[in-house]
Amino acid sequence: MTEITKETIIGDILDICPDAAPLFLEIGMHCLGCPSSRGENIEQACMVHGTDPDELVQKLNDFIASK
């Protein structure tokens, strides 16, 4: 997978790396199976959940790189 950005769709990340789900859950994104996650990018989801998209992007890229 290429590097994750704020524009990356959450569902695409979970398709490629399902083990990343806990990173979403720890910031309150509990509806990973909902239709929104299939079409919502990180920036949009973080705005709804009141979290920093840059911080999540960094965590995801670090996590995936460690695999």
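In case you missed it, the structure is sitting above this.
Residues numbered from 1 in each chain as written. Predicted model: local features only at pLDDT ≥ 70, side-chain atom pairs only at ≥ 80, totals over all residues. Heavy atoms only, no water.

**Quick look at the overall build of the protein**
Right, on to step 1. Looking only at helices and strands, the protein has five helices and zero strands in total.
Right, on to step 2. When the helices and strands of the protein are listed from N to C terminus, the series reads α-α-α-α-α.
Right, on to step 3. Radius of gyration (C-alpha) of the protein: 10 Å, near the 11 Å computed for a compact globule of 67 residues.
Right, on to step 4. Each principal axis of the C-alpha distribution contributes one length, and for the protein these read about 25 × 20 × 20 Å.
Right, on to step 5. Counting over 67 residues, the protein shows a buried share of 36%.
Right, on to step 6. For the protein, contacts bridging at least 24 residues in sequence account for 61% of all contacts bridging at least 6.
Right, on to step 7. Carbon together with sulfur atoms contributes 54% to the accessible area of the protein, which is approximately 3,900 Å² in total.
Right, on to step 8. In the protein, 4 positive and 12 negative side-chain charges are present, and the distance between their average locations comes to 4 Å. (Helix = DSSP H or I, 4+ residues; strand = E, 2+ residues; numbered from the N terminus. Rg over C-alpha atoms; globule rule 2.2 N^0.38 Å. Buried < 20%, exposed > 50% of the residue type's maximum accessible area, 1.4 Å probe, protein only. Contact = heavy atoms within 4.5 Å. Areas by Shrake-Rupley, 256 points an atom, 1.4 Å probe, with all protein chains shown as cover. Lys, Arg positive; Asp, Glu negative; His and termini not counted. Charge placed at Lys NZ, Arg CZ, Asp CG, Glu CD.)

**Digging into the side chain of Thr8**
Right, on to step 1. When you line up the elements, Thr8 lands in the segment before helix H1 (10-16).
Right, on to step 2. Judged by relative accessible area, which is 13%, Thr8 ranks as buried.

**Quick look at the environment of Cys17**
Right, on to step 1. Along the polypeptide, Cys17 turns up in the loop between H1 and helix H2 (21-25).
Right, on to step 2. When the C-alpha positions of Cys17 and Phe63 are compared, they lie 9.6 Å apart, and in sequence the two are 46 residues distant.
Right, on to step 3. The contact partners of Cys17, leaving out residues within four places of it in the chain, are Phe63 and Ile64.

**A few points about helix H4 (residues 42-49)**
The α-helix advances 3.6 residues per turn, and as a result positions three or four apart in sequence lie on the same side.
Right, on to step 1. Buried within H4 we find Ile42, Ala45 and Cys46. What you see down the axis of H4 is that its buried residues fit within an arc of 100°, all on one side. Those residues of H4 that are exposed and aimed more than 90 degrees away from the buried face are Met47 and Val48.
Right, on to step 2. Where H4 is buried, its residues meet H1 and helix H5 (53-65).
Right, on to step 3. Taking the backbone nitrogen of Glu43 as reference, a side-chain oxygen 3.0 Å away marks Asn41 as the first, capping residue of H4.
Right, on to step 4. Of the residues one or two after H4, Gly50 is the one with positive phi, at around 65°. (Arc of directions from axis to C-beta. Polar contact = N/O pair within 3.5 Å; in protein donor to acceptor, adjacent residues only side chain to side chain.)

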